[in-house]
Amino acid sequence: MKPGAMIIGTGSALPSRVLTNRDLEEMVDTSDEWIVQRTGIKERRIVGPGESNSKLAVEAAKKALEEARVSPEELDLIIVGTLTPDYLMPSVAVLVQKELGAVRAGAFDLSATCSGFLYGLSVADQYVRVAPERKILVIGSEVLSTKVNWEDRTTCVLFGDGAGAVVVTGSRDDRGVLSTHLHADGSLWHLLTLKGCGSLYPPCGKELPREEYFIRMQGREVFKNAVRAMETVALEALESNGVQPEDLALVIPHQANRRIIEALRERLGLPPEKVFVNLHKYGNTSAASIPIALDEAVREKRLSPGDLVLMVAFGGGFTWASALIRW
Ligand code: ACO
């Protein structure tokens, strides 16, 4: 397929506070050994005073804009994938728009949990296929630490905070987004939830048991679905572009669990160096995980022009998605 959106700048931002597995041993009945063995996570970043979702998003966006040599006034659209906005209203995207001074840009948040960045990239891709001169900022930004039950060892060890951003415009050659595939299965919504403080249970902490005001997950079921969905959507992306796994220069998967990433790597028959992993440093940052990983891959010079890059995500809902890019 003809490429649509071309990524011309990437950026990321992480809170300065590091929460290690040893720190968590002091908080809940867990161990560094259990967490590393079951998830691969060693530490994660957590927001402190003065830090917020929108501030991380702005920091990541500024870096991406600088690398892209695009000024905020040139932006046509800002899309933020997030499930942990500063407020229910206004969106993180309009706070970013204000802070950057992106006076011409429309701005909205997009709710697709851990697939939020790839869903946002897919929307941007459709926009620039219609009008290639448009410039769009796509961000994934989360402060999951505010939605984690720090008394629940089955979830609190998994998540972290951070933001990643890309600037895209229409492809001018054979480089750019070749395809995106988006999927969802709402029939399994109950396996991964954050019920409290929506419009159904608005008075926070009153209507529902306390634990429902935090992320709840049936981990083993989510794990099985994540492995299956990420494999399927990866193969769908390759098949629809006539690409073989060995043609890929790099896979950038959602960073939820090292074992899920390993299962995907084995299914694709790829060596470890072709699959980007940074979850040992940041844990699962939901919609932010892929753009943070992409930015690190770029800064580590893991990508060269013309490389084929496959991104795959899976998250609550369930939602799952892929993007195949010629870099
Ligand atoms: N420390 C020590 N023991 C623990 C901990 C912990 N932090 N958490 C759970 N355990 C215990 C359990 O209580 C259980 O004990 P039991 O056997 O005595 O009952 C045992 O460890 C095994 O628990 P499981 O849940 O079966 O462990 P599993 O191997 O499945 O690993 C995990 C759990 C890491 C959560 C895994 O299931 C997983 O990664 N799931 C997928 C998460 C994911 O991909 N999320 C993506 C979407 S996230 C989003 O959308 C926001």
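Keep in mind the model is a prediction, meaning the values are calculated, not measured.

This brings us to the site of the ligand. Around the ligand, 24 residues are found, and the nearest of them are Thr30, Arg38, Arg153, Arg220 and Asn257. In this structure, a nitrogen atom belonging to the ligand sits 2.8 Å away from a main-chain N or O atom of arginine 153. Within the side chain of asparagine 257, an N or O atom sits 2.7 Å from an oxygen atom of the ligand. The fraction of the free accessible surface of the ligand (1,000 Å²) that becomes covered by protein chains is 78%. The element contributing the most residues to the shell around the ligand is helix α7 (residues 219–241), with four residues. Of the residues belonging to the shell around the ligand, the class tally is eleven nonpolar, eight polar and five charged. Two domains share the shell around the ligand, each providing at least three of its residues, namely domain 1 (5–173) and domain 2 (178–326).

Let us look at the layout of surface pockets. Each pocket or cavity is described by its volume, and for the second largest pocket that value is around 160 Å³. Lining the second largest pocket are Met6, Ile7, Ile8, Gly9, Glu67, Arg175, Val298, Lys301, Leu303 and Trp327. Split by domain, the residues of the lining of the second largest pocket number at least three in each of domain 1 (5–173) and domain 2 (178–326).

Here the focus is the pattern of salt bridges. Opposite charge on two side chains permits them to pair, given that their charged atoms come into close proximity. Inspection of the entire model under this criterion finds 17 salt bridges. Across the pair glutamate 25 and arginine 22 runs a salt bridge whose closest N-O atoms are separated by 2.9 Å. Of this pair, glutamate 25 and arginine 22 both sit in helix α1 (residues 21–25), separated by three residues, roughly a single helical turn. By relative accessible area, which is 27% here, glutamate 25 ends up partly exposed. Each of Arg22, Glu25 and Asp32 takes part in salt bridges that share partners, so that together they form one network.

Criteria and thresholds
- Residues numbered from 1 in each chain as written.
- Predicted model: local features only at pLDDT ≥ 70, side-chain atom pairs only at ≥ 80, totals over all residues.
- Heavy atoms only, no water.
- Near = heavy atom within 4 Å.
- Polar contact = N/O pair within 3.5 Å; in protein donor to acceptor, adjacent residues only side chain to side chain.
- Areas by Shrake-Rupley, 256 points an atom, 1.4 Å probe, with all protein chains shown as cover.
- Helix = DSSP H or I, 4+ residues; strand = E, 2+ residues; numbered from the N terminus.
- Nonpolar A, V, L, I, M, F, W, Y, C, P; charged D, E, K, R; others polar.
- Domains from an automatic or database assignment.
- 1 Å grid on protein atoms, 1.4 Å probe; cavity = no way out; pocket = protein on both sides within 12 Å on 5 of 7 lines; lining within 4 Å.
- Points joined across faces, edges and corners; volume = space filled by probe spheres on them.
- Salt bridge = Lys/Arg side-chain N within 4 Å of Asp/Glu carboxyl O.
- Buried < 20%, exposed > 50% of the residue type's maximum accessible area, 1.4 Å probe, protein only.

In short, the description is geometric, and any link to function would need to be established separately.
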